[in-house]
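Structural overview
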Amino acid sequence: MEIEIGRAKRGRRVYAFDDVAIVPSRRTRDPEDVSVTWSIDAYQFDIPFLAAPMDSVVSPTTAIMMGQLGGLGVLDLEGVWTRYEDPEPLLAEIRTLPQDQATRRMQEIYSAPIKPELVTERLAEIRSAGVTVAGALSPQRTQELYETVVAAGVDLFVIRGTTVSAEHVSKSTEPLNLKKFIYELDVPVIVGGAATYTAALHLMRTGAAGVLVGFGGGAASTTRAALGIHAPMATAVADVAGARRDYLDESGGRYVHVIADGGLGTSGDIVKAIACGADAVMLGSTLARATDAPGGGYHWGAESHHSKLPRGNRVQVGTIAPLEEILYGPAPVAEGTANLVGALRRSMATTGYSDLKEFQRVEVVVAPYQGN
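Presented here is an overview of the structure given in this document. (Residues numbered from 1 in each chain as written. Predicted model: local features only at pLDDT ≥ 70, side-chain atom pairs only at ≥ 80, totals over all residues. Heavy atoms only, no water.)

Evaluated as defined, the whole model comprises four aromatic pairs. Look at Y146 and F181: their rings are 5.0 Å apart centre to centre, the planes differ by 85°, and that puts the pair in the edge-to-face class. Placement of Y146 in helix α5 (residues 139–151) and of F181 in helix α6 (residues 178–184) is noted, with a sequence separation of 35 residues between them. Accessibility expressed as a relative area gives 8% for F181, which makes it buried. Both rings, one in Y353 and one in F359, keep their centres 6.0 Å apart while their planes meet at 70°; by these two values the pair is edge-to-face. Its relative accessible area of 15% is what places Y353 among the buried residues. (Phe/Tyr/Trp six-rings, centres within 6.5 Å; stacked < 30°, edge-to-face > 60°. Helix = DSSP H or I, 4+ residues; strand = E, 2+ residues; numbered from the N terminus. Buried < 20%, exposed > 50% of the residue type's maximum accessible area, 1.4 Å probe, protein only.)

Further remarks concern unusual backbone geometry. The peptide bond linking G192 to G193 adopts the cis configuration, its omega dihedral lying at 15°. Residue position: G193 is located in strand β10 (residues 189–194). A cis amide bond, omega 5°, links G329 with the succeeding residue P330. Mapped onto the fold, P330 is located in the loop between α12 (323–328) and α13 (340–350). Although it is not a glycine, D41 adopts a positive phi angle of roughly 55°.

Within the largest apolar cluster, 115 residues are counted, with the highest numbers of intra-cluster contacts made by F49, L50, F157, M204, L287 and L327. The element contributing the most residues to this core is helix α9 (residues 233–250), with seven residues. Beyond its immediate chain neighbours, meaning those up to four positions away, L50 contacts W38, L72, V74, I190, I259, A280, V281, M282 and L283. (Core = buried A, V, L, I, M, F, W, Y, C linked by side-chain atoms within 4.5 Å. Contact = heavy atoms within 4.5 Å.)

Attention shifts here to empty space enclosed by the protein. Applying the stated criterion across every chain yields a total of one cavity of 30 Å³ or more. Considering only enclosed or pocket space, the largest cavity measures out at about 60 Å³ in volume. Lining the largest cavity are A51, V57, V58, T62, M66, L287, A290, D292, A293 and L323. Residue composition of the lining of the largest cavity, grouped by class: eight nonpolar, one polar and one charged. (1 Å grid on protein atoms, 1.4 Å probe; cavity = no way out; pocket = protein on both sides within 12 Å on 5 of 7 lines; lining within 4 Å. Points joined across faces, edges and corners; volume = space filled by probe spheres on them. Nonpolar A, V, L, I, M, F, W, Y, C, P; charged D, E, K, R; others polar.)

Here it is, written out as structure tokens:
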């Protein structure tokens with residue numbers, strides 16, 4: 001698998017979702033007979049979709065909508081909703097900024113302090129709707145705000161960064177001890193991103209309920225250009241799924257969920273993520289295209305407004321349909337950007353599998369995608 005780059009360096013051949021394809025088997029099923037349900041810890045979901053904690057994707061309102069539609073909306077607890085009483089004018093401003101001014105102005109907007117009382121208020125708003133409550137913090141903010149988050153009644157706690165390790169080293173600050181933190185927290189934790197077998201295995205050993213796979217691969221990300229870091233997702237998901245299998249044996253039966261996060265622009269990418277071993281997917285730009293998404297046709301992540309080294313852009317993704325139609329159809333376009341659940345069901349039915357765990361065993365071939 002290794003290729004010689006030069007006399008002093010060899011590299012492993014890895015694959016993105018566009019490099020692989022799914023092969024039908026001898027059996028087919030009716031799409032309505034296929035189950036796409038997913039559960040993590042004590043929480044059950046009709047669909048294996050998490051809305052990414054990005055201000056262009058999830059507001060308290062869209063988190064509630066996502067929950068009512070059978071998925072999970074994860075609120076960014078470091079976003080505009082926890083910095084401003086009324087962030088709507090700022091979201092409208094971000095949408096209209098000239099491209100050459102967007103980064104600088106977003107850095108200013110996101111420099112406002114996070115208000116713990118707004119963290120409590122936003123999570124309470126979601127909880128009052130009767131859906132599962134999930135919030136996300138970066139590793140840097142987790143120790144500062146986790147008590148507020150847990151006290152507000154969060155059901156699932158997400159620690160999400162460009163990359164998260166179980167062995168962060170720092171000479172200037174006390175790093176977050178993930179294993180101790182998760183052990184002492186009475187809430188299931190999803191943590192990531194990770195993109196290698198070893199990194200994921202170490203995160204699983206901390207006691208995490210789920211591991212996010214991927215970094216630098218999202219539609220708004222420039223991590224590869226800024227840092228030279230990139231993780232082609234088909235290989236990353238398959239590697240982390242391998243860590244899940246080995247940890248299951250090592251731990252005597254503890255199952256850690258693998259959640260693909262990044263590089264999931266179409267329903268075909270979602271299907272291939274699960275085929276490569278993901279239990280669920282975290283969606284950003286795919287849901288930012290909803291007419292009722294807070295980004296209003298634009299998409300950006302936390303990396304886009306980093307105070308010292310931005311590693312993302314505000315990008316225009318357009319709008320195609322309401323959130324419900326993006327998830328369940330009918331699709332107004334044929335590019336795989338709407339009726340995501342219907343596409344997943346049909347792919348599973350076409351290959352003869354009845355549930356997500358079975359579908360992880362589907363045959364996959366290397367077949368680089370050359371266009372329509």
